[in-house]
Amino acid sequence: DRQTMVLCALRDKVLSPQVVTDLPQIVAAFAGSVLTDLSPAQLGQLACLAPRLESKNLIFAGMPDEFLQGERNAEGSFVLTYDEAKVRALVEEFAAGRWPLEPDKPSCP
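Residues numbered from 1 in each chain as written. Predicted model: local features only at pLDDT ≥ 70, side-chain atom pairs only at ≥ 80, totals over all residues. Heavy atoms only, no water.

Draft legend 1. Focus on the packing of aromatic side chains. Counted under the stated rule, the structure contains one aromatic pair. Ring centres 6.4 Å apart and planes at 70° place the aromatic pair F94 and W99 in the edge-to-face group. (Phe/Tyr/Trp six-rings, centres within 6.5 Å; stacked < 30°, edge-to-face > 60°.)

Draft legend 2. Focus on the pattern of salt bridges. Under the criterion given, the structure shown has three salt bridges. Between R88 and E84 there is a salt bridge whose closest N-O contact spans 2.9 Å. Taken together, the residues R88 and E84, both in helix α4 (residues 84-95) and four residues apart, mark about one turn of the helix. As a salt-bridge pair, E93 and R98 come within 3.1 Å of each other at their nearest N and O atoms. (Salt bridge = Lys/Arg side-chain N within 4 Å of Asp/Glu carboxyl O. Helix = DSSP H or I, 4+ residues; strand = E, 2+ residues; numbered from the N terminus.)

Rendered as structure tokens:
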């Protein structure tokens, strides 16, 4: 939920006219933090489409909590584990276009 809030706020900020000239610096700030197989040209094309996206058409989804288990290991670190069969089934649903389902409310208000 917090990641969705950050992404929605980032979207709103990036789409504001005052930020257009700062876009290269914003992209550079995320350079080492985001893993993608999109080329810089494809990222630029997506950025050009952003103003045309309506909030109602954005769907953010995350791994359901019941798929994950958290526990502390012997060293005291918190370790998040998952049910591999459930995650694989969910990825298949995603690839088939059956997940995530339409939300009851928009991801970005």
